[in-house]
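# Fold and geometry: a report
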Amino acid sequence: QVQLVESGGGLVQPGGSLRLSCAASGLTASSLTMGWFRQAPGKERLFVSAIRSRGFTYYTDSVKGRFTISRDNAKNTVYLQMNSLKPEDTAVYYCAASNSENYFLKSGYSNWGQGTQVTVSS
């Protein structure tokens, strides 16, 4: 059974940092494209970042230079390091796994975690 379990969310002040983790079981994260999406209240779920099996990484423009995606193959875990957080980063963050070429599309991801809340507020 495939499971993706996110952790690391919380409340942080603007300018602060958080590191999200996505622990995978039932699949090999290093063999797939692993992505992070986020969904703010009343908004659609949007692409944030992805890492391909070969290690190529992708980011939406609004997080470039602030967020870093990485993967620990030994732990079968994907991370999202988030620095210089802004109030507009507030959302539920979801980890997902895909074997599609379209890493930026929700429809390309077949397995999803339950999400972790990130709130950026003073």
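As shown above, the structure is provided for reference.
### Description of the pattern of salt bridges
Under the criterion given, the structure shown has five salt bridges. Two residues, Asp-89 and Arg-66, come together in a salt bridge whose shortest N-O distance is 2.8 Å. Highlighted residues: Asp-89 in the loop between strand S8 (77-82) and strand S9 (91-98) and Arg-66 in the loop between strand S6 (57-59) and strand S7 (67-72), separated in sequence by 23 residues. For Asp-89, a relative accessible area of 1% corresponds to the buried category.

### Here's the deal with the nonpolar core
Formed by 26 residues in total, the largest nonpolar core has its most connected members in Met-34, Trp-36, Leu-80, Met-82 and Tyr-93. If you list the elements that add at least two residues to this core, you get strand S3 (18-25), strand S4 (33-39), strand S5 (46-51), S7, S8, S9 and strand S11 (116-120). Among residues more than four places away in sequence, those in contact with Leu-80 are Leu-18, Arg-19, Leu-20, Trp-36, Val-48, Ser-49, Phe-67, Thr-68, Ile-69 and Tyr-93. Counting residues in hydrophobic clusters, the runner-up holds six residues, among them Phe-37, Phe-47, Ala-50 and Tyr-109.

### With respect to the state of the cysteines
For the structure on display, the rule yields one disulfide. Here Cys-22 pairs with Cys-95 through a disulfide, and the sulfurs are 2.0 Å apart. The chirality of the disulfide connecting Cys-22 with Cys-95 is left-handed, given an S-S dihedral of about -75°. Pair noted here: Cys-22 is in strand S3 and Cys-95 is in strand S9, with a separation of 73 residues, a long-range link. Of the residues examined, Cys-22 reaches a relative accessible area of 0% and is grouped as buried.

The rules we used
Residues numbered from 1 in each chain as written. Predicted model: local features only at pLDDT ≥ 70, side-chain atom pairs only at ≥ 80, totals over all residues. Heavy atoms only, no water. Salt bridge = Lys/Arg side-chain N within 4 Å of Asp/Glu carboxyl O. Helix = DSSP H or I, 4+ residues; strand = E, 2+ residues; numbered from the N terminus. Buried < 20%, exposed > 50% of the residue type's maximum accessible area, 1.4 Å probe, protein only. Core = buried A, V, L, I, M, F, W, Y, C linked by side-chain atoms within 4.5 Å. Contact = heavy atoms within 4.5 Å. Disulfide = S-S within 2.5 Å.

All we've got here are geometric facts, nothing functional implied.
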